[in-house]
Amino acid sequence: MRAPVVTIAVDGPSGSGKSSVSRAVATRLGLAYLDTGAMYRAATLWCVRSGVALDDAGAVATAVVAMPLEMGVDPAAPTVCLDGDDVAEAIRTTEVSSVVSQVATNLDVRAELRRRQRAVIEAEATGGFSGGRGVVAEGRDITTVVAPDADARVLLTASEEARLRRRSLEVHGAADADAVEATKDQVLRRDRDDATVSQFLVAADGVATVDSSDLDLDQTVEAVLAVVAHVTA
Ligand SMILES: Nc1ncnc2c1ncn2[C@@H]1O[C@H](COP(=O)(O)OP(=O)(O)OP(=O)(O)O)[C@@H](O)[C@H]1O
Ligand SMILES: Nc1ccn([C@H]2C[C@H](O)[C@@H](COP(=O)(O)O)O2)c(=O)n1
């Protein structure tokens, strides 16, 4: 019997573990993996490289509509290609992280990226990388706006302390007071700005919450797999 098509939506604040956990869940379930945050980051890089001022909302939206972006959705090796260029590393720099919210709070940009994200989700339901098995899509508005009808919806949370520690270890290789302080802009300020256009701090109706504050990565993956088990069994 053919496996059912499954769409799993995961949202959460910065450093909650969405990307790492969603990739692992997609791998375990044989699904595609869509990192929608990478799309906002690529849009930001595209505007910067095109010389578009990020405070010119109209010009930013026009540039993003024309953006030649290809998302690779293999969870073992997700890719982000901009105009044929592999930009996976370039979109993770502090330079991009510190301004991405300016682009992500542009409502016309959100409409364009939402359209592209839904196209990937639909493609994975009929073919694509997963051969029609489905996708794990993660971001800030997947459970509420992009795929509110997803088969399973999860809000992945973690305490502010845990999120700062994780991001600090990742970016600075340390989690002492100075390193944590240097990480606050990328985590807390960014969440404050992003939360003005999306609801990812509190679970919407019907969305299951997984709190990873006291779990390691493997335990969090198992917790999410347990929450989505009813649609993947
Ligand atoms: N449960 C966990 N326990 C410990 N470390 C974790 C856990 N989940 C994720 N991490 C680590 O925390 C860091 C941030 O995780 P990840 O990039 O997946 O978060 P994110 O929610 O996608 O963040 P952002 O939205 O800012 O991109 C990574 O280094 C990851 O390995
Ligand atoms: N569905 C989404 C995904 C991401 N964003 C914004 C929020 C972040 O500042 C930025 C980069 O995301 P990250 O790679 O850190 O997960 O994109 C959003 O608004 N909606």
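Residues numbered from 1 in each chain as written. Chains lettered and ligands numbered in written order. Predicted model: local features only at pLDDT ≥ 70, side-chain atom pairs only at ≥ 80, totals over all residues. Heavy atoms only, no water.

- For the protein, the name recorded in an unreviewed UniProt entry is Cytidylate kinase, with Isoptericola dokdonensis DS-3 as its organism.
- In UniProt, the protein has this text filed under Subcellular location (unreviewed entry): "Cytoplasm".
- You can read under Sequence similarities (unreviewed entry) in the UniProt record for the protein the words "Belongs to the cytidylate kinase family. Type 1 subfamily." (UniProt positions renumbered as here; feature names shortened; annotations may be inferred.)

A few points about unusual backbone geometry
- Within the chain, Asp83 stands out as a residue other than glycine whose phi angle is a positive 55°.
- Checked against the element boundaries, Asp83 lands in the loop between strand 4 (79-82) and strand 5 (85-86).
- Overall, Asp83 belongs to the exposed group, its relative accessible area being 54%. (Helix = DSSP H or I, 4+ residues; strand = E, 2+ residues; numbered from the N terminus. Buried < 20%, exposed > 50% of the residue type's maximum accessible area, 1.4 Å probe, protein only.)

Concerning the site of ligand 2
- In the vicinity of ligand 2 there are 15 residues, among which Arg41, Arg110, Arg140, Asp141 and Asp194 approach most closely.
- Between an oxygen atom of ligand 2 and a side-chain N or O atom of Arg140, the distance comes to 2.8 Å.
- At 2.6 Å, a side-chain N or O of Asp194 approaches an oxygen atom of ligand 2.
- With the chains in place, 97% of the 440 Å² that ligand 2 exposes on its own is no longer accessible.
- Every element with two or more residues in the shell around ligand 2 is listed here: helix 2 (36-49), helix 5 (100-104) and helix 9 (177-194).
- No other element matches helix 2, which puts four residues into the shell around ligand 2.
- The residue makeup of the shell around ligand 2, split by class, is four nonpolar, four polar and seven charged. (Near = heavy atom within 4 Å. Polar contact = N/O pair within 3.5 Å; in protein donor to acceptor, adjacent residues only side chain to side chain. Areas by Shrake-Rupley, 256 points an atom, 1.4 Å probe, with all protein chains shown as cover. Nonpolar A, V, L, I, M, F, W, Y, C, P; charged D, E, K, R; others polar.)

What about the sheet that holds strand 4?
- The strand order across the open sheet built from three strands is 3-4-5, with neighbouring strands paired in antiparallel fashion. Taken across any chain shown, the strands that pair with only one partner, and hence form the sheet edges, are strand 3 (69-72) and strand 5.
- In this structure, strand 3 lies alongside strand 4, joined through four bridges in antiparallel fashion. Residue pairing across strands places Gly72 opposite Thr79, the latter belonging to strand 4.
- Contacts between helix 2 and the sheet are confined to strand 3, strand 4 and strand 5, with strand 4 contributing the most and set at about 25° to the helix. (Pairing = 2+ DSSP bridges. Contact = heavy atoms within 4.5 Å. Axes fitted to C-alpha atoms, helices over the stretch in contact; angles between N-to-C directions.)

What to know about the UniProt feature "binding site: ATP" (unreviewed entry) in the protein
- Under the feature "binding site: ATP" (unreviewed entry), the UniProt entry names Gly12, Pro13, Ser14, Gly15, Ser16, Gly17, Lys18, Ser19 and Ser20.
- With respect to the helices and strands, Gly17 occurs in the loop between strand 1 (6-11) and helix 1 (18-29).
- The buried category is assigned to Gly17, whose relative accessible area is 18%.
- Discounting residues that sit within four places of it in the chain, Gly17 has contacts with Ser22, Leu156 and Arg166.
- Residue placement: Ser20 occurs in helix 1.
- Classification of Ser20 as partly exposed rests on a relative accessible area of 39%.

Structural notes on helix 1
- For helix 1, built from twelve residues, the straight-helix expectation of 16 Å at 1.5 Å per residue is met to within 8% by its first-to-last C-alpha distance of 16 Å.
- Those residues of helix 1 that sit buried are Lys18, Val21, Ser22, Val25, Ala26 and Leu29. For helix 1, the arc enclosing every buried residue in end-on projection is 130°, short of the 170-degree limit, so these residues lie on one face.
- Just downstream of helix 1, Gly30 is the residue with a positive phi angle, here 70°. (Expected span 1.5 Å × (residues − 1). Arc of directions from axis to C-beta.)

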